[in-house]
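Listed below, chain by chain, are the residues.
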Amino acid sequence: MTALIMEAAEAVAAVKDGDTVLVGGFGMAGMPVELIDALIAHGAGDLTIVSNNAGNSDTGLAALLAAGRVRKVVCSFPRQADSWVFDGLYRAGKIELEVVPQGNLAERMRAAGAGIGAFYSPTGVGTPLAEGKESRVIDGREYVLEFPIRGDVALIRAHVADRMGNLVYRKTARNFGPVMATAAAVTIAQVSSIVDVGELDPEVIVTPAIYVNRLVSV
Amino acid sequence: MSLSREQMAEIVARDIPDGAYVNLGIGQPTMVADYLRPDSGVVLHTENGMLGMGRPATGDEIDPDLTNAGKQPVTELPGASYFHHADSFAMMRGGHLDVCIMGAFQVSATGDLANWSTGAPDAIPAVGGAMDLAIGAKQVFVMMSLFAKDGSPKLVPECTYPLTGRACVSRVYTDVATFAVGADGVRIVETFGISVDELTTRLCMPLVSSPFT
C-alpha cells in the first residue's frame, strides 16, 4: 500500500506506550521536529528512543525528554554543549542510556531493515563497548557480534515526497533517514512538500515508497 | 621551540598524500583543512554523510541542512556527494578512507588509541564515530600535546583510559615531536625544541630509534 497523507497528530497516533521509536537527525539537521512535537501532544510514554544524539537545546528530542516520556535512549553521542536536558535526567538517574558506536548504530538498523539476523563488526573490538559480546576471528581479524535494532515507529524528515511516499532528501539532513525508514514497522516522514506521482525523477529517489507508511507535509 | 597548534596542523597537512580521501575529527584536526594545498586533490569526508566538504559556511551560505560532524555549518565543493549514515560508515569499515585525523587522551606504544572516555564515574559516555574511524581508516593520525597539564606523557607503554581501538594509530603529531607507530614500536620522526635524550627520559618507554642515532 502506498503512503497515506495525514496531519502530524493523526500520524503519530501510531506510537504506543513502551514503543521503540527511531528518530532521524544528526543534531538538528534532519530532525523531524514537528513530528516530535505532535508525539509530545499525543502523550505516549515509556518510550525507547534510538537517535544519534540525545537532544539539543530545548526543542525536538530534548523537549520529548523534558516531558518525561522517554525511559531509555540508544545513541552514539549524548553529551554535547547543548544537551542539558538529557544531562540532567541522566545524572538524576531518570533515564537509561545505551551508547553505541555511530557506525554500529546505523548498521544495526540497516540489518533490521534488510532482514539480517546479526553481523560481525570490527568496530569496538578491545573496548568497553564490546564487553560481554560474542566475538570471532575471521581471516585473522577480530569482530564482535552485533544485533539488529528494530523500531516500532520511525520518525524521519525528508525534503520532498511524492504522493506514493517516494522520498528525496536535502544535503547532510539525509543522515539516518533512509536507514531508519527501512527498520521500523511504521515509518512516518515529514517533508517540506508533497508532489504528484511522476514528478520525482526515479533516478534520484533515495527512499522508495515501499518503506514509507505515512506522510506529513509541514 | 615547541609547535603552535597551527604549525602542527601544517605538518599534518604536509603528510597527507595528494588525492587522499580524508576524515578530519572534531576540534583541532579540523585546522588541518586550512593547510591543504588547493591543488592537492584531497577530498574531505564528513561522517554525517558527505564527501567533498568545503570550508566553514559564513553569512548567507549558512544552511541548517549542511553541517559537518561537529554540527557546524559548512559548504560543498564541486564533485561533492551525499549519502546516508550506513553508507558513510561502510566507507570507513570497508577500508575506502585513506586517512583519518583525531585527537587523543592517550596513544600506546602499540598504537592503541584512547580518545572517547576518561572512565571517570560521573562522566556521560559518548563515542560518536571515533571507534568506527579508528578501525576503519587505512591510516589513523593523532594530533595532541605530548604531555598532559600535570606533565605526564600521553604517549604511553599501555593506555590506562578506556580504548577506542586497538593497534590502529600509525602516526602521532605532537607539539614537541612527531612519532611513527609500527609493528616494531615507536620511532621518533622529528623533534621540535626538545632533545632526543630529554624526550626519551620523559616518555619512560623504549623508542625504536631516532633520526639522530
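Please read all numbers here as calculations on a predicted model, not as lab measurements.

Chemist: Just checking my understanding: could you explain the packing of aromatic side chains for this structure?
Modeler: The description of an aromatic ring pair uses the distance of the two centres, along with the angle that the planes make with each other. Tallying each qualifying case throughout the model produces three aromatic pairs over all chains. Plain terms: the ring middles of phenylalanine 86 of chain A and tyrosine 90 of chain A are 5.6 Å apart, the flat faces sit at 25° to each other, and that makes the pair stacked. Taken as a pair, phenylalanine 86 of chain A and tyrosine 90 of chain A lie in helix α4 (residues 84–91) at a separation of four residues, close to a single helical turn. Between phenylalanine 105 of chain B and tyrosine 161 of chain B, the ring centres sit 5.7 Å apart and the planes meet at 70°, which makes this aromatic pair edge-to-face. A residue pair is termed long-range when its members are at least 10 positions apart, and phenylalanine 105 of chain B in the loop between β5 (99–102) and β6 (106–108) and tyrosine 161 of chain B in the loop between β9 (155–156) and β10 (169–173) qualify at 56 residues. Judged by its relative accessible area of 32%, phenylalanine 105 of chain B falls in the partly exposed class. A cation sits over an aromatic face here: lysine 71 of chain B above phenylalanine 26 of chain A, 4.2 Å from the ring centre. Geometry around phenylalanine 147 of chain B places arginine 202 of chain B over its ring, the cationic atom sitting 3.7 Å from the centre.

Chemist: I tried to follow the sheet that holds strand β1 (residues 21–24) of chain B on my own but got confused; where do I start?
Modeler: Sheet strands associate in pairs through backbone hydrogen bonding, adopting either a parallel or an antiparallel arrangement. All names here are of chain B. Here nine strands make up an open sheet; going across it, the order is β4-β3-β2-β1-β5-β8-β10-β11-β12 and the pairing mixed. One side of each edge strand has no neighbouring strand; the edge strands of this open sheet are β4 (74–82) and β12 (185–191). Direction aside, neighbouring strands of the sheet carry axes that sit 30° apart on average. Relative to β4, strand β3 (residues 50–56) runs antiparallel, the two sharing four bridges. Directly across from methionine 50, in β4, lies its bridge partner tyrosine 82. Where helix α1 (residues 5–14) meets the sheet, it contacts β5, β8 (139–143), β10, β11 (177–182) and β12, and its direction lies at approximately 165° from that of β8. Strand contacts of helix α2 (residues 85–93): β1, β2 (43–46) and β3, with the helix running at about 120° to β2, the strand carrying the most contacts.

Chemist: Would you mind showing me how to read α2 of chain B here?
Modeler: Since one α-helical turn is 3.6 residues long, residues separated by three or four positions face the same way. Residue and element names in this part refer to chain B. Of all nine residues in α2, seven are buried; the element is thus mostly enclosed. Every buried residue of α2 is listed here: His85, Ala86, Ser88, Phe89, Met91, Met92 and Arg93. Looking at the residues trailing α2, positive phi occurs at glycine 95, about 80°.

Chemist: Looking at this structure, I do not really get the interface of chain A and chain B. What am I missing?
Modeler: Interfaces are frequently sized by the accessible area removed from exposure as the parts join. Taken together, the contacts link 44 residues of chain A with 36 residues of chain B. Of the roughly 3300 Å² buried at the junction of chain A and chain B (both faces included), carbon and sulfur atoms supply 60%. Together, Phe26, Lys171 and Thr172 of chain A form the three largest contributors to the area buried by chain A at its contact with chain B, with a combined 19%. Linking chain A to chain B there are six salt bridges. Two residues, aspartate 65 of chain B and arginine 157 of chain A, come together in a salt bridge whose shortest N-O distance is 3.3 Å.

Chemist: I keep staring at the nonpolar core and nothing clicks. Help me out?
Modeler: For soluble globular proteins, the rule of thumb is that nonpolar side chains tend to be buried together. Residues Leu47, Ile49, Leu64, Leu65, Phe86 and Leu155 of chain A are the most contacted members of the largest nonpolar core, which totals 42 residues. Sort the elements by how many residues they give to this core and helix α2 (residues 33–42) of chain A lands first, with six residues. Those residues in contact with phenylalanine 86 of chain A, other than ones at most four positions away along the chain, are Ala54, Leu65, Val73, Pro78, Ile95 and Leu97 of chain A together with Ile124 of chain B. Counting 34 residues, the second-largest nonpolar core is a separate cluster that includes Ala104, Val107, Ala137 and Cys168 of chain B.

Chemist: Could you clarify how one ought to interpret the environment of glycine 94 of chain B in this entry?
Modeler: All names here are of chain B. Relative to the helices and strands, glycine 94 is located in the loop between α2 and β5. The class for glycine 94 is partly exposed, based on a relative accessible area of 45%. C-alpha separation for the pair glycine 94 and phenylalanine 179, spaced 85 residues apart in sequence, amounts to 26 Å.

Chemist: Please clarify how the packing of helix α5 (residues 102–114) of chain A against α2 of chain B should be interpreted in this entry.
Modeler: Two numbers describe a pair of packed helices, the interaxial angle and the distance between the axes. Relative orientation of the contacting elements α5 of chain A and α2 of chain B amounts to 120°, with a least axis distance of 9 Å. Considered as vectors, α5 of chain A and α2 of chain B are oriented oblique to each other. Crossing geometry of α5 of chain A relative to α2 of chain B is assigned as left-handed. Only His85, Ala86, Phe89 and Arg93 of chain B of α2 of chain B make contact with α5 of chain A, whose side of the interface consists of Gln102, Gly103, Asn104, Ala106, Glu107 and Arg110 of chain A. Classifying every residue of the contact of α5 of chain A with α2 of chain B by side-chain character gives three nonpolar, four polar and three charged.

Chemist: How should the pairing of β10 of chain B be read in this particular structure?
Modeler: Walk down a regular strand and you will see the side chains alternate between the two sheet faces. Residue and element names in this part refer to chain B. For β10, the tally of buried residues reaches four of five residues, placing the bulk of the element in the interior. Pairing of β8 with β10 involves four bridges; the strand directions are parallel. What sits directly across from valine 140, in β10, is valine 169. Pairing of β10 with β11, which is carried by three bridges, proceeds in the antiparallel orientation.

Chemist: Even after reading the chapter, I still don't get the environment of isoleucine 62 of chain B, so can you show me in this structure?
Modeler: All names here are of chain B. Within the element layout of this structure, isoleucine 62 appears in the loop between β3 and β4. A C-alpha to C-alpha distance of 8.0 Å links isoleucine 62 and threonine 75, two positions 13 residues apart in sequence. Dropping the residues within four chain positions of it, isoleucine 62 is found in contact with Ala57 and Pro73.

Chemist: Looking at this structure, how should I read the side chain of serine 117 of chain B?
Modeler: Along the polypeptide, serine 117 of chain B turns up in the loop between β7 (113–114) and α3 (130–136). With residues near it in sequence (within four places) discarded, serine 117 of chain B still touches Phe105, Tyr161 and Pro162 of chain B.

Reading the values: rules and limits
- Numbers given to residues run from 1 along each chain, matching the order in which its sequence is written.
- Going through the entries in the order they are written, you letter the chains from A and number the ligands from 1.
- A pLDDT threshold of at least 70 governs which residues receive local features in this predicted model, and a stricter bar of 80 or more applies before side-chain atom pairs are shown or counted, although totals over entire chains, interfaces and linings include all residues.
- Side-chain figures throughout are based on the complete set of non-hydrogen atoms in the structure, without hydrogens or water.
- Between rings of Phe, Tyr and Trp, where Trp is taken as its six-membered ring, a pair exists when centres lie within 6.5 Å; planes separated by under 30 degrees are stacked, by over 60 edge-to-face, and by other angles tilted.
- Strands are runs of DSSP state E lasting at least two residues, helices are runs of H or I lasting at least four, and both sets are numbered from the N terminus onward.
- With a 1.4 Å probe rolled over the protein chains alone, any residue whose accessible area is under 20% of its type maximum counts as buried; one over 50% counts as exposed, and the rest are partly exposed.
- In this analysis the charged atom, NZ for Lys or CZ for Arg, is taken to sit over a ring once it is within 6 Å of the ring centre and within 35 degrees of the ring normal.
- At least two bridges found by DSSP between two strands are what make those strands a pair.
- The axes are straight lines fitted to the C-alpha atoms, using for helices just the contacting stretch, and the angles between their N-to-C directions are given from 0 to 180°.
- Contact between two residues is taken to exist if any of their heavy atoms lie within 4.5 Å; hydrogens are not considered.
- By buried area we mean how much accessible surface two parts lose on assembly, using a 1.4 Å probe and totalling the loss over both.
- By convention in these notes, a salt bridge is any Lys or Arg side-chain nitrogen within 4 Å of a carboxyl oxygen on Asp or Glu.
- For our purposes a nonpolar core is just a set of buried Ala, Val, Leu, Ile, Met, Phe, Trp, Tyr and Cys residues, chained together by side-chain atoms within 4.5 Å.
- For this classification, under 35 degrees means roughly parallel, over 145 means roughly antiparallel, 65 to 115 means roughly perpendicular, and everything else is oblique.
- Each crossing gets its handedness from the near helix: less than a right angle anticlockwise from the far helix is left-handed, clockwise is right-handed.
- For this classification, the nonpolar set comprises Ala, Val, Leu, Ile, Met, Phe, Trp, Tyr, Cys and Pro, the charged set comprises Asp, Glu, Lys and Arg, and every other residue, Gly included, is treated as polar.

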